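One letter stands for each residue in the lines below.
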Amino acid sequence: AQKVTQAQTEISVVEKEDVTLDCVYETRDTTYYLFWYKQPPSGELVFLIRRNSFDEQNEISGRYSWNFQKSTSSFNFTITASQVVDSAVYFCALSEGGDDKIIFGKGTRLHILP
Amino acid sequence: DAGVIQSPRHEVTEMGQEVTLRCKPISGHNSLFWYRQTMMRGLELLIYFNNNVPIDDSGMPEDRFSAKMPNASFSTLKIQPSEPRDSAVYFCASRGGTGRFQPQHFGDGTRLSIL
């Protein structure tokens with residue numbers, strides 16, 4: 001069975017600090033897909049990034065970076081030089097190769113304090 | 001480009017009333033998903049469609065819930081009769097392309113309150 005664990009329920013950091021959001025997944029498939037979504041206070045869900053199980057390259061997009069490690073079944077998300085606008089709930093999600101469904105973690109609520 | 005469009009954005013109604021939530025997926029997307037989000041249970045998949053055909057409705061909580069997709073550009077989620085425990089944010093998402101690597105794109109959600 002597939003499962004996504006975001007152990008950090010809530011994190012608060014001061015603006016300009018770096019912060020890492022953890023995501024650990026479980027799956028028996030060799031082909032799977034990982035996603036991160038952002039839900040700002042306004043409530044919408046915004047797609048941030050996707051990764052397939054065959055691509056372990058880390059990715060950087062501006063202040064955002066993602067570290068995918070199959071050896072530890074983790075797909076962590078780091079925000080560098082955090083800003084107040086980064087305050088949101090962040091969801092990690094997993095889809096197995098043979099399934100249309102995405103399983104979401106419980107989310108991490110991130111507070112960036114001015 | 002237009003994203004997924006949901007209506008209404010907010011709905012407040014009394015228990016026992018029928019509620020209909022609407023969704024217009026992104027043009028060209030062939031999969032549509034309905035989710036419910038609550039504090040207690042997080043994001044739950046209710047039902048999804050591929051090419052307008054319901055594939056998995058195992059997440060629909062009760063027979064009071066039903067969903068339809070009469071064509072590629074429109075879907076409804078109906079609750080009849082509604083109950084206070086149905087209060088939640090309901091999201092619609094669509095996915096295009098070929099393969100499950102494509103991300104789901106979400107609408108802004110409908111915040112439903114049943115009094």
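Residues numbered from 1 in each chain as written. Chains lettered and ligands numbered in written order. Predicted model: local features only at pLDDT ≥ 70, side-chain atom pairs only at ≥ 80, totals over all residues. Heavy atoms only, no water.

1. Observations regarding the overall build of chain B
Each helix and strand in chain B was counted, giving 0 helices and 11 strands. Computed over the C-alpha atoms, the radius of gyration of chain B is 13 Å, within 12% of the 13 Å expected from 2.2 N^0.38 for a compact globule of 115 residues. Structurally, chain B occupies a C-alpha span of about 40 × 30 × 30 Å along its principal axes. Residue burial in chain B is summarised as follows: out of 115 residues, 48% are buried. Pairs at least 24 residues apart make up 53% of the contacts formed inside chain B by residues separated by at least 6 positions. Summed over all atoms, the accessible surface of chain B reaches about 5,800 Å², with 48% contributed by carbon and sulfur. If the 12 positive side-chain charges of chain B are averaged to one point and the 12 negative ones to another, these points end up 4 Å apart. (Helix = DSSP H or I, 4+ residues; strand = E, 2+ residues; numbered from the N terminus. Rg over C-alpha atoms; globule rule 2.2 N^0.38 Å. Buried < 20%, exposed > 50% of the residue type's maximum accessible area, 1.4 Å probe, protein only. Contact = heavy atoms within 4.5 Å. Areas by Shrake-Rupley, 256 points an atom, 1.4 Å probe, with all protein chains shown as cover. Lys, Arg positive; Asp, Glu negative; His and termini not counted. Charge placed at Lys NZ, Arg CZ, Asp CG, Glu CD.)

2. Things to note about the pattern of salt bridges
Two side chains carrying opposite charge are able to pair once their charged atoms lie near each other. Across all of its chains, the model carries 14 salt bridges over all chains by this definition. Between aspartate 100 of chain A and arginine 95 of chain B there is a salt bridge, and its shortest N-O distance comes to 2.6 Å. One end of the pair, aspartate 100 of chain A, is in the loop between β10 (88-96) and β11 (103-104); the other, arginine 95 of chain B, is in strand β9 (residues 88-95), on a second chain. As far as burial versus exposure is concerned, aspartate 100 of chain A and arginine 95 of chain B are alike and both buried. Each of Glu62, Arg64, Glu83, Arg85 and Asp86 of chain B takes part in one network of salt bridges that share partners. (Salt bridge = Lys/Arg side-chain N within 4 Å of Asp/Glu carboxyl O.)

3. Structural notes on the nonpolar core
Membership of the largest hydrophobic core comes to 23 residues, with the highest contact counts inside it found for Trp36, Phe75, Phe77 and Tyr90 of chain A. Of all elements in the fold, only β2 (10-14), β3 (19-21), β5 (32-39), β8 (64-69), β9 (74-79), β10 and β12 (108-113) of chain A reach the threshold of two or more residues within this core. Here this core gets 4 residues from one element, more than from any other, and that element is β10 of chain A. Among the nonpolar cores identified, the runner-up in size contains 21 residues, and Ile26, Ile47, Ala67 and Ala88 of chain B belong to it. (Core = buried A, V, L, I, M, F, W, Y, C linked by side-chain atoms within 4.5 Å.)

4. Concerning the state of the cysteines
All names here are of chain A. Counted under the stated rule, the structure contains 2 disulfides over all chains. Put simply, cysteine 23 and cysteine 92 are joined by a disulfide, and their sulfur atoms are 2.0 Å apart. Handedness of the cysteine 23-cysteine 92 disulfide follows from its S-S torsion of about -65°: it is left-handed. Taken as a pair, cysteine 23 in the loop between β3 and β4 (24-26) and cysteine 92 in strand β10 lie far apart in primary sequence, 69 residues in all. (Disulfide = S-S within 2.5 Å.)

5. So, the interface of chain B and chain A
Facing 20 residues of chain B, the contacting portion of chain A comprises 22 residues. When chain B packs against chain A, close to 1,900 Å² is buried across both sides, 55% of that on carbon and sulfur atoms. Where chain B touches chain A, the interface holds 7 residue pairs in polar contact (both at pLDDT 80 or more). Elements with a minimum of two residues in the side of chain B that touches chain A: β4 (31-38), β5 (42-50), β9 and β10 (105-106) of chain B. The residue inventory of the side of chain B that touches chain A, partitioned by class, reads 9 nonpolar, 6 polar and 5 charged. (Buried area = accessible area lost by both parts, 1.4 Å probe. Polar contact = N/O pair within 3.5 Å; in protein donor to acceptor, adjacent residues only side chain to side chain. Nonpolar A, V, L, I, M, F, W, Y, C, P; charged D, E, K, R; others polar.)

6. Description of the confidence of the model for chain A
Residues at a pLDDT of 70 or more form 100% of chain A, whose mean pLDDT is 93. The least confident element of chain A is strand β7 (residues 59-61) of chain A, whose mean pLDDT is 86; the most confident is β3 of chain A, at 98. (pLDDT = per-residue confidence, 0-100.)

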